[in-house]
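# Secondary and tertiary structure notes
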Amino acid sequence: MIIGLGYKAGVGKSTIAQIISETFGFKRFSFSELIRSEINEAVAKQGFVFRFIYPDTLIINNETIKLDPFAASDVYRILTQIIAKYPNKVALTGGFLYTVFDVDDKILLQFWGFNYRRKKDENYWIKKFKEIYNPGENYIIENIRFPNEAIMIKELSGIVAKVVLVDNEGKELQLLNDARLTDHQTETALDNYEFDITLFNYYGNLEKTKEEVIAKIAPYVKRTEKDIKQESQINETVQKNENRGNILDKMDNKENSIKEERTEEETTAFISRRGRRQ
């Protein structure tokens, strides 16, 4: 089974993932860890992360990428944020040369994961997960941020949970500032997504958070893979029947329309014959 956690930064997804992992034995998986690994590898190879040559050229991971105007504007905006945050780590040499020393820099993680990898292939990170995925094991993915990632989990008979940071009374709290761009697509792409369940992370109250998570996740974990597969098959059958019903309705409507046309033709013919007799 797979459980995915979404989606805002700073709500405590890692805390929830740790609770689920320790309680139910799920293997933890993080897209952010993959991004960190790739950034470290790039820095080790070339000594810097990326170079942006104004107005539309990005050199990253030894690749030269031409950006459309919208993407270039987005990249420039992010780089401006990086320059403001790390003025001593950016060299202006025909563009912006950003040498990273803090691989946990949140803006950089957003940039690499979305503006680089997803822009080239929106399923890049999904493919990375499937490379390690074993159907016989349970996984907790702690940072689901896009609809296609949620769809992947559902296709593998999993559930997607929304993590919300709240106070002890259950009132939602303002998100903790962890230095990411809050209007970045990684923070907004799931705004209208319908999650399977909502998990409260009670700020400053780990025990209450544990009780919340265990109580809500346990029923799903107790369901066997066979149960989940059967439910999926039932849902598919219902959908097929609905589609078949729609097709039959259309056929009935068409048949009735043909009958009406025939009735009109027969009526017209009858009146015509009667007129000739008179």
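Data block above holds the structure.
As a starting point, this report considers the structure included with it. Since we're looking at a predicted model, the values are computed, not measured. (Residues numbered from 1 in each chain as written. Predicted model: local features only at pLDDT ≥ 70, side-chain atom pairs only at ≥ 80, totals over all residues. Heavy atoms only, no water.)

## Some points on the overall build of the protein chain
Per the secondary structure count, the protein chain includes nine helices and 10 strands. A buried classification covers 39% of the 278 residues belonging to the protein chain. (Helix = DSSP H or I, 4+ residues; strand = E, 2+ residues; numbered from the N terminus. Buried < 20%, exposed > 50% of the residue type's maximum accessible area, 1.4 Å probe, protein only.)

## Describing the nonpolar core
Generally speaking, soluble globular proteins have nonpolar side chains that are buried together. Counting 40 residues, the largest nonpolar core has Phe 50, Leu 58, Ile 60, Leu 67, Trp 112, Phe 129 and Ile 141 as the members making the most contacts within it. Once residues within four sequence positions are removed from consideration, Phe 129 is found in contact with Ile 2, Phe 29, Phe 31, Tyr 139, Ile 141, Met 152 and Leu 156. Met 1, Val 11, Ile 16 and Ala 161 belong to the second-largest nonpolar core, a separate cluster that totals 18 residues. (Core = buried A, V, L, I, M, F, W, Y, C linked by side-chain atoms within 4.5 Å. Contact = heavy atoms within 4.5 Å.)

## So, the sheet that holds strand 8 (residues 139-141)
Taken together, the five strands give an open sheet; going across it, the order is 2-8-1-9-10, and neighbouring strands pair in parallel fashion. For this open sheet the edge positions go to strand 2 (27-29) and strand 10 (197-202), each flanked by a neighbour on one side alone. Each strand of the sheet is rotated relative to its neighbour by a mean of 25 degrees, with strand direction disregarded. Across three bridges, strand 2 lies against strand 8 in parallel orientation. Looking across to strand 8, one finds that Phe 29 is bridged to Ile 141. Here helix 5 (residues 124-132) sits on the sheet in contact with strand 1 (2-6), strand 2 and strand 8, set at roughly 160 degrees to strand 8. (Pairing = 2+ DSSP bridges. Axes fitted to C-alpha atoms, helices over the stretch in contact; angles between N-to-C directions.)

## Thoughts on the packing of aromatic side chains
Under the defined criterion, the tally for this structure stands at 11 aromatic pairs. With a centroid separation of 5.2 Å and 90 degrees between ring planes, the pair formed by Phe 29 and Phe 31 is classed as edge-to-face. Taking 5.1 Å as the distance between ring centres and 80 degrees as the angle between the ring planes, the aromatic pair formed by Tyr 193 and Phe 195 counts as edge-to-face. Site record: aromatic cluster; members linked through ring pairs are Phe 29, Phe 31, Phe 129, Tyr 133 and Tyr 139. Here the guanidinium or amino end of Arg 118 rests over the ring plane of Phe 146, the centre of that ring lying 3.7 Å away. The cationic tip of Lys 208 hangs over the ring face of Tyr 202; the distance from NZ or CZ to the ring centre is 4.6 Å. (Phe/Tyr/Trp six-rings, centres within 6.5 Å; stacked < 30°, edge-to-face > 60°. Lys NZ or Arg CZ within 6 Å of the ring centre and 35° of its normal.)

## Section: unusual backbone geometry
Between Gly 6 and Tyr 7 the backbone carries a cis peptide bond, its omega angle lying at -5 degrees. Relative to the assigned elements, Tyr 7 resides in the loop between strand 1 and helix 1 (13-24). Its identity is not glycine, yet Ser 157 carries a phi of approximately 65 degrees, on the positive side. Summarising the element assignment, Ser 157 is placed in the loop between helix 6 (147-155) and strand 9 (159-166).

## What to know about the packing of helix 3 (residues 69-85) against helix 4 (residues 106-120)
Helix-helix packing: each pair is described by the crossing angle between the helix axes and the interaxial distance. For the pair helix 3 and helix 4, the least separation of the axes is 10 Å and the interaxial angle reads 160 degrees. Considering the angle they form, helix 3 stands roughly antiparallel to helix 4. Between helix 3 and helix 4 lies a crossing whose hand is left-handed. Side by side, helix 3 and helix 4 meet where Asp 74, Val 75, Ile 78, Gln 81 and Ile 82 of the first sit next to Ile 107, Phe 111, Phe 114 and Asn 115 of the second. In terms of residue class, the contact of helix 3 with helix 4 is made up of six nonpolar, two polar and one charged. (Parallel < 35°, antiparallel > 145°, perpendicular 65-115°, else oblique. Left-handed = near helix turned anticlockwise from the far one by under 90°. Nonpolar A, V, L, I, M, F, W, Y, C, P; charged D, E, K, R; others polar.)

That is the geometry; function is a separate question.
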